[in-house]
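Structural overview
Spelled out, the chains give:
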Amino acid sequence: MKKYSVVICGGGSTYTPDMMELLCMMQKDFPLKKVVLFDNDEERQKIVGEYGRIMFQEYYPELEYSYTLDKEEAFQDIDFAFVQIRAGGMDQRNNDEKVPYRYNCIGQETCGPGGLAYGVRSVVQMIDMIKDIRTYSKDAWIINYSNPAAIVAEATKRLFPHDKKLVNICDMPTSVLDAYLPLIHVKRSQIYPKFFGLNHFGWFTGLYDKKSGHDYLPELLAYVKEHYDEVHEQFTAKIKGKDDHWGITFLHHLEMLHDFPYALPNTYNLYYLYPDKCLKHYDIRHTRYDEVIQGRETMVFAYCKEIAALGKMKGTKYDISAKINPDYKVDNPQAASTVYADNDVHAAYLVELVLSIINNANEIGLVMVKNDGICPNLDAGMMLEVACRIGKEEIVPLHYGPVPQFEKGLLENQYACEKLLVDAILDKDDFKLLQAFTENRIVRDADLAKQLIADFKEVNGDFWPQFQ
Ligand code: G6P
Ligand code: MN
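Residues numbered from 1 in each chain as written. Chains lettered and ligands numbered in written order. Predicted model: local features only at pLDDT ≥ 70, side-chain atom pairs only at ≥ 80, totals over all residues.

1. Details of the UniProt feature "binding site: substrate" (unreviewed entry) in the chain
When the UniProt feature table is mapped to this numbering, "binding site: substrate" (unreviewed entry) covers Arg93, Asn147 and Arg288. The exposure class assigned to Asn147 is buried, which follows from the 24 C-beta atoms found within 10 Å. Discounting chain neighbours no more than four positions away, the residues touching Asn147 are Glu109, Thr110, Tyr118 and Ser122. Examined against the element boundaries, Arg288 turns out to sit in helix α13 (residues 288-310). If sequence neighbours within four positions are ignored, Arg288 has contacts with Glu97 and His245. (UniProt positions renumbered as here; feature names shortened; annotations may be inferred. Buried ≥ 20, exposed ≤ 12 C-beta atoms within 10 Å, placed from the backbone. Contact = placed C-beta atoms within 7 Å. Helix = DSSP H or I, 4+ residues; strand = E, 2+ residues; numbered from the N terminus.)

Below you can see the structure in the form of C-alpha cells.
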C-alpha cells in the first residue's frame with residue numbers, strides 16, 4: 001500500500017495534537033511516510049511539535065517527522081496539505097469578536113463583521129500559502145479548514161480556477177448531524193444527506209438511507225417537535241460543565257428548529273436569523289476567544305508540555321494504546337470518527353474525506369464547490385457547500401435543484417457581501433470594502449460599516465492591506 005506524506009499547516013494550532021494522534025492510530029488504513037508541521041509562529045509550533053516528536057517516536061517509529069518554519073522543507077513532495085491557519089492568530093480573533101460589540105453588533109469570528117475582518121487577513125495569507133504549496137507539490141491535495149471558509153473559497157476559486165485538488169471544508173454541518181441523528185437512532189454512516197448553502201449558512205433538506213432511499217428528515221423533525229422539552233433537557237444535560245458557547249449555540253439551534261421546522265439548519269444560521277439573541281450569547285468582556293484561551297489553549301498546551309517534560313507516553317497516564325476502540329474497523333466511511341471515544345471531530349471528518357480520496361471510495365461528503373447548475377436558481381459561481389462524491393482524482397457535486405425563496409434571498413445577500421469583500425481584497429478597493437460591510441445582513445448600516453472598517457484597520461495594523 002502506498003505511504004503518504006502529509007504537511008499540517010498551522011502546526012501550532014490546538015487542533016494539531018488530535019490530528020496527529022488520529023494519524024498515528026490510523027496507520028494501517030492511512031499509512032504515512034512523512035508528517036511535517038509548518039507554522040509561522042515558532043513558539044506555538046515548538047510546543048505542539050515536541051509532543052508530536054515523542055508520540056511518533058514511540059508509536060510510529062518508521063515515520064519521518066519534523067516541524068519547520070521553512071516552506072521548502074514543509075511542502076516538498078507532499079501528498080496532502082491539511083491547512084488550518086488563523087491569520088493574525090488569537091489576538092486578532094479577540095478583535096474580530098470584540099470590536100463590533102462596541103456598537104452593539106455581533107462579534108463572531110466567521111459571521112458578520114468579525115468574519116469580514118478575518119476574511120481580509122485570511123484571503124491574503126491563504127493565497128500565498130497555496131502558491132507556496134503548489135511551487136513544491138503540484139499534485140498534492142490541499143484540504144483547507146481555515147476560516148472564514150466561505151470567503152476563502154470564493155477567493156481560491158478565482159485565483160486557482162482549475163485546481164481540482166484544492167478543497168475547502170467545514171466540520172459544522174456534520175457536527176449538526178452527529179448531534180441530532182442519535183435522537184432517532186440512526187448512524188451517520190447509514191445516510192447520505194441533501195444539503196445546500198454557503199459555508200456557515202446552510203440547510204439539510206433530506207437525510208436518505210443509503211440502502212432503501214428512505215428520508216429520515218421528516219421523522220427527525222417530527223421527533224424533535226413531539227419531544228421538544230425532552231430534547232432540550234437532553235441537550236442541556238450534555239453541555240453541563242462544558243464551554244458555554246457551544247452549549248448556548250446548540251440550545252438556540254433547537255429553538256431555531258422550532259421556529260423553522262422543515263429543514264435542519266447549520267448552527268451558524270443563528271447569527272443571520274437571530275442577531276439580537278446572538279448578541280446576548282456573551283458578555284463583551286468574555287467572548288468565545290476568552291473561553292478558548294482559558295479552556296482549549298490552556299489544556300492542550302499543558303498536555304503537550306507535560307508529555308515533553310516526561311519524554312515519553314508509553315507506560316504513563318498519557319499512553320494512547322488503550323484509547324483505541326477495539327471494534328473500530330474501516331468498513332464504513334465514518335470509521336475515522338469511531339477510532340477512539342473522545343477524538344476531535346475536525347480531525348475525524350478530515351480523515352474521513354482522505355479515506356474516500358485514497359480508496360477512491362466516492363463517498364458522499366460536504367464540501368464547497370462552484371455552483372455550476374447545482375442549484376440553478378442561485379448565482380452561477382457561488383461557492384456552495386453541498387453533497388459531493390469524493391474520489392481519487394476529483395470531487396464531483398451532486399445536483400441539488402432549485403432552492404426555496406426564503407433561503408435564496410438570504411444566500412444571495414450574503415454571497416454579494418462575500419463577493420464584494422473578495423473584490424475589495426484582490427483589487428485593494430476601499431469602496432468595495434465599504435459595500436461589502438454594508439451589504440452584510442448583520443451590519444446593514446453604512447455609517448456603522450465605515451466605523452467598523454476604521455476600527456478594524458487600526459487594530460489589524462500590518463495585517464490590513466492598503467486599500468485605495
Ligand atoms: C466550528 C466551525 C469552525 C470554527 C470552530 C470554532 O468547528 O465549523 O469553522 O473554527 O467551530 O470553534 P472554537 O471552539 O475555536 O470556538
Ligand atoms: Mn466551519
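After that view, the rundown keeps rolling.
2. Some words on the sheet that holds strand β9 (residues 264-265)
One open sheet holds the 3 strands; their spatial order is β7-β8-β9, and the pairing between them is antiparallel. Edge strands, defined here as strands with exactly one partner in the open sheet, are β7 (191-198) and β9. Two strands pair when backbone bridges link them, and β7 and strand β8 (residues 201-209) are joined in this way by 8 bridges, in the antiparallel orientation. For Lys194, the partnering residue across the bridge sits in β8 and is Gly206. (Pairing = 2+ DSSP bridges.)

3. Here we look at the packing of helix α9 (residues 228-239) against helix α10 (residues 244-259)
Helix packing for two helices is described by the angle between their axes and how far apart those axes are. Contact geometry for α9 and α10: axes closest at 9 Å, N-to-C directions at 165°. By the angle class used here, α9 and α10 are roughly antiparallel. Along this stretch, α9 crosses α10, giving a crossing that reads as right-handed. Across from Tyr228, Val231, His232, Phe235, Thr236 and Ile239 in α9, the residues of α10 making contact are Trp246, Gly247, Phe250, Leu251, Leu254 and His258. Among the residues making up the contact of α9 with α10, the classes are represented as 8 nonpolar, 4 polar and no charged. (Axes fitted to C-alpha atoms, helices over the stretch in contact; angles between N-to-C directions. Parallel < 35°, antiparallel > 145°, perpendicular 65-115°, else oblique. Left-handed = near helix turned anticlockwise from the far one by under 90°. Nonpolar A, V, L, I, M, F, W, Y, C, P; charged D, E, K, R; others polar.)

4. Side note on the site of ligand 1
Close to ligand 1 lie Thr110, Asn147, Cys170, Asp171, Met172, Arg288 and Val292, which account for all nearby residues. Counted by class, the shell around ligand 1 contains 3 nonpolar, 2 polar and 2 charged residues. (Near = placed C-beta within 6 Å.)

5. A word on the packing of helix α15 (residues 405-427) against helix α16 (residues 430-439)
Between α15 and α16, the least distance of the axes is 8 Å, while the angle of their chain directions is 160°. What the angle tells us is that α15 and α16 run roughly antiparallel. Of the two elements, α15 crosses α16, and the hand of that crossing is left-handed. In this structure, α15 uses Asn413, Ala416, Cys417, Leu420, Leu421, Asp423, Ala424 and Asp427 to contact α16, whose residues at the interface are Lys432, Leu433, Gln435, Ala436 and Glu439. Of the residues belonging to the contact of α15 with α16, the class tally is 7 nonpolar, 2 polar and 4 charged.

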